[in-house]
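Close look at the chain arrangement
The primary structure of each chain is shown beneath.
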Amino acid sequence: MKTCKVAIIGQGRSGRDIHGAFLRSDKNVHFEVVYVVDRVDFRRERALEEYPGCEVLSDYTELFDKPKVDLVVNASYSDEHYPVTIDLLNHGYNVLVEKPMARNFFEASMMINTAKKNNVTLAVFQQTFLTPFFLETKKIIESGKLGEIKQVSIAYNGFARRWDWQTLQEKMGGSVYNTGPHPLGLAVDLLGYDDITVAYSKLDTVLTSGDANDFAKIILTAPGKPLADVEIHSNDAFNDFRIKLYGSKGTYKCTDGSYQMKYIVDGENDPRPVLYDTLRGEDGTPRYCSEKLVTREESGKFEGSAFDIAVESFYNMLFNTLTTGAELLVKTENIAKLVGVLETIHAQNPLPIKFLGGKHV
């Protein structure tokens, strides 16, 4: 198979501006978009121009009467990810579903089992695992330069308001379901996916017009792993990092585009035996412990982001899986465990439902 024929469900921000942007670009050498599905008339008309030679459909079930494609990209609304994906899998399609994969671990497990039953591939589009900043972060941890990592802090914060469907609980909106799979996914990955406890979580609404959360503070723990502190706030006007590592020998901080690190090296600072008495100066007066540590510093920049090189890497990975049976680097079973964490966070923080069926209640 030299190329994979693709159908895209949805031409919103994700379906058009992320998946579509890559599939229309020169970077795409493996996939051909043959069907575009969207309920909105003008989006279908636009798709005819943007994906030359494609056929447009108003409902994904129309695909079942067409020649089968090699992959369906499910970029529908979040609350439709589960039912639409299950239907596609049962009709024998390989599916790439957008995040969040599902509402809870049961749904995620059902999706995985359905894919296995029908001998098809199910992948979840969480390309952040393949971003330059995260891959470099993992290399730094593995290098041991920071010593034992004691805490990982991840912040996907901003200072902005939303008032679209992503602010509604009934549409499976909110920052934890929408943005959360990225920072929480990275945290869960660094903690190893298993035996993870949501030690603390706080969800709230601060700037959103809807009833879903736009403020989230989560602390995760796992045996033998560092503490993971995750924030997804819409009211942070001064956030200056994406990931911060606190190691026994120093600190690493990165944004999407750059990193800096400061640490000590064994043997470069004289040992300091414990004094059981008050530390005193030459004149005998008490003084505070004070020294200038010998440290090393590193910094650098990242080429590419979650919206270009990571998307390309994800699709290349998926092509190898579809054509050679290679294992997915972003394992669907691990994403299901992440969904279990999202489920627990919401269960710990029930927020009042204020909107149903498009009306204020």
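For the structure, check the block above.
These notes cover the structure that comes with them. (Residues numbered from 1 in each chain as written. Predicted model: local features only at pLDDT ≥ 70, side-chain atom pairs only at ≥ 80, totals over all residues. Heavy atoms only, no water.)

Remarks on the overall build of the protein
Heads up, the condition is: Strands are runs of DSSP state E lasting at least two residues, helices are runs of H or I lasting at least four, and both sets are numbered from the N terminus onward. Each residue's exposure class comes from its accessible area (1.4 Å probe, protein chains only) as a fraction of the maximum for that residue type: buried when under 20%, exposed when over 50%, partly exposed otherwise. A 1.4 Å probe and the Shrake-Rupley method give the accessible areas. Residues count as covered only by the protein chains that appear here. We score Asp and Glu as negative and Lys and Arg as positive, and we do not count His or the chain ends. To locate a charge, take NZ of a lysine, CZ of an arginine, CG of an aspartate or CD of a glutamate.
A count of helical and extended segments in the protein gives nine helices and 16 strands. Evaluated residue by residue, the protein yields a buried proportion of 47% over its 361 residues. With the model as given, the accessible surface of the protein reaches about 18,200 Å², and the carbon-plus-sulfur share is 51%. Across the protein, the 41 positively charged side chains and the 49 negatively charged ones have centroids separated by 1 Å.

Describing unusual backbone geometry
That bond from lysine 99 to proline 100 is cis: its omega, -5°, falls within 30 degrees of zero. Tracing the backbone through its elements, the reader meets proline 100 in the loop between β5 (95-98) and α4 (105-117). For aspartate 195, which is not glycine, the phi dihedral falls at a positive 55°. Residue placement: aspartate 195 occurs in the loop between α7 (183-191) and β8 (197-204).

Details of the side chain of serine 76
Our working definition: Any pair of nitrogen or oxygen atoms within 3.5 Å is treated as a polar contact; in protein, a donor-acceptor pairing is required on top of that, and neighbouring residues in sequence qualify only through side-chain atoms on both sides. Contact criterion: two residues are considered in contact whenever any of their non-hydrogen atoms come within 4.5 Å of each other.
Position of serine 76 relative to the elements: it lies in the loop between β4 (71-74) and α3 (81-90). Residue class for serine 76 comes out buried when judged on its relative accessible area of 13%. In this structure the side chain of serine 76 is engaged in a polar contact, spanning 2.7 Å, whose partner is the side chain of asparagine 74. Sequence-distant contacts of serine 76, defined by excluding residues within four places in its chain, comprise Ile9 and His81.

Things to note about the packing of α4 against helix α9 (residues 332-348)
Our working rule: Axis lines are fitted through C-alpha atoms, for helices just across the contact stretch, and the angle between N-to-C directions can take any value from 0 to 180 degrees. Angular relationships are summarised with four words: roughly parallel below 35 degrees, roughly antiparallel beyond 145, roughly perpendicular across 65 to 115, and oblique for the angles in between. Crossings are assigned a handedness: left-handed for a near helix turned anticlockwise from the far helix by less than a right angle, right-handed for a clockwise turn.
Two elements in contact, α4 and α9, have axes separated by 8 Å at closest approach and are oriented at 160°. In terms of their interaxial angle, α4 and α9 are classed as roughly antiparallel. When the axes of α4 and α9 are compared, the crossing they make is right-handed. Together, Phe105, Ala108, Ile112 and Lys116 of α4 and Thr332, Glu333, Ala336, Lys337, Val339, Gly340 and Glu343 of α9 make up the contact between the two elements.

Observations concerning the pairing of strand β6 (residues 122-125)
Here is the key point about a regular strand: its side chains alternate between the two faces of the sheet. Threshold: Strand pairing is assigned whenever DSSP identifies at least 2 bridges connecting the two strands. Crossover handedness is defined by viewing with both strands directed away from the observer: a clockwise path from the first strand over the helix to the second marks the crossover as right-handed.
On β6, burial covers both faces: Leu122 and Val124 on one face and Ala123 and Phe125 on the other are all buried. Sheet topology note: the β5/β6 ladder contains four bridges and is parallel. Within the sheet, the bridge partner assigned to valine 97 lies in β6 and is valine 124. Handedness of the β-α-β unit built from β5, α4 and β6 comes out right-handed.

Focus: the sheet that holds β5
Strand order across the open sheet formed by six strands is β3-β2-β1-β4-β5-β6, with parallel pairing between neighbours. The sheet is open, and its two edges are formed by β3 (55-57) and β6, each paired on a single side. When the angles between neighbouring strand axes are averaged without regard to direction, this sheet yields 25°. Sheet contacts for helix α1 (residues 15-23): β1 (4-9), β2 (31-37), β4, β5 and β6; angle to β1, the most-contacted strand, approximately 165°. Across the sheet, helix α8 (residues 309-324) is in contact with β1, β2, β4, β5 and β6; its angle to β6 comes to roughly 180°.

Let's talk about the packing of aromatic side chains
As a reminder of what qualifies: We call Phe, Tyr and Trp rings a pair once their centres come within 6.5 Å, taking the six-membered ring for Trp, and we label the pair stacked below 30 degrees between planes, edge-to-face above 60, and tilted otherwise. The rule for a charge over a ring is simple: NZ of Lys or CZ of Arg within 6 Å of the ring centre, and within 35 degrees of the ring normal.
A complete count under the given rule lists eleven aromatic pairs for this structure. Each ring, one from phenylalanine 31 and one from tyrosine 315, has its centre 5.2 Å from the other, and the planes form 80°; the classification is edge-to-face. Taken together, the positions of phenylalanine 31 in strand β2 and tyrosine 315 in helix α8 put the pair 284 residues apart, joining distant regions of the chain. Residue classification places tyrosine 315 among the buried positions, given a relative accessible area of 0%. When the centroid spacing of 5.1 Å and the interplanar angle of 75° are considered together, the rings of phenylalanine 125 and phenylalanine 314 count as edge-to-face. Separated by 189 residues along the polypeptide, phenylalanine 125 in strand β6 and phenylalanine 314 in helix α8 bring together distant segments of the chain. Overall, the relative accessible area of 0% leaves phenylalanine 314 in the buried class. Grouped by ring-pair contacts, the aromatic residues Phe22, Phe31, Phe125, Phe314, Tyr315 and Phe319 constitute a single cluster. Above the ring of tyrosine 93, the side-chain terminus of lysine 68 is found at 4.9 Å from the ring centroid. The ring of phenylalanine 241 carries the charged tip of lysine 244 above its face, separated from the ring centre by 5.0 Å.

Some thoughts on the pattern of salt bridges
Basically, it comes down to this: Within this document, salt bridges are pairs made up of a side-chain nitrogen of Lys or Arg and a carboxyl oxygen of Asp or Glu, the two lying within 4 Å of each other.
All told, the structure shown has 22 salt bridges when counted by the stated rule. Where lysine 138 meets aspartate 189, a salt bridge forms, and the shortest distance between an N and an O atom there is 2.9 Å. With lysine 138 in helix α5 (residues 132-143) and aspartate 189 in helix α7, this residue pair connects regions lying 51 residues apart in the sequence. Given the relative accessible area of 27%, lysine 138 is considered partly exposed. Residue aspartate 189 is classed as buried on the basis of its relative accessible area of 16%. Close ionic contact of lysine 253 with aspartate 240 constitutes a salt bridge, the shortest N to O distance being 3.3 Å. One end of the pair, lysine 253, is in strand β12 (residues 250-254); the other, aspartate 240, is in the loop between β10 (227-233) and β11 (243-247), with 13 residues separating them in the sequence. On the basis of relative accessibility, which here comes to 22%, the residue lysine 253 falls in the partly exposed class.

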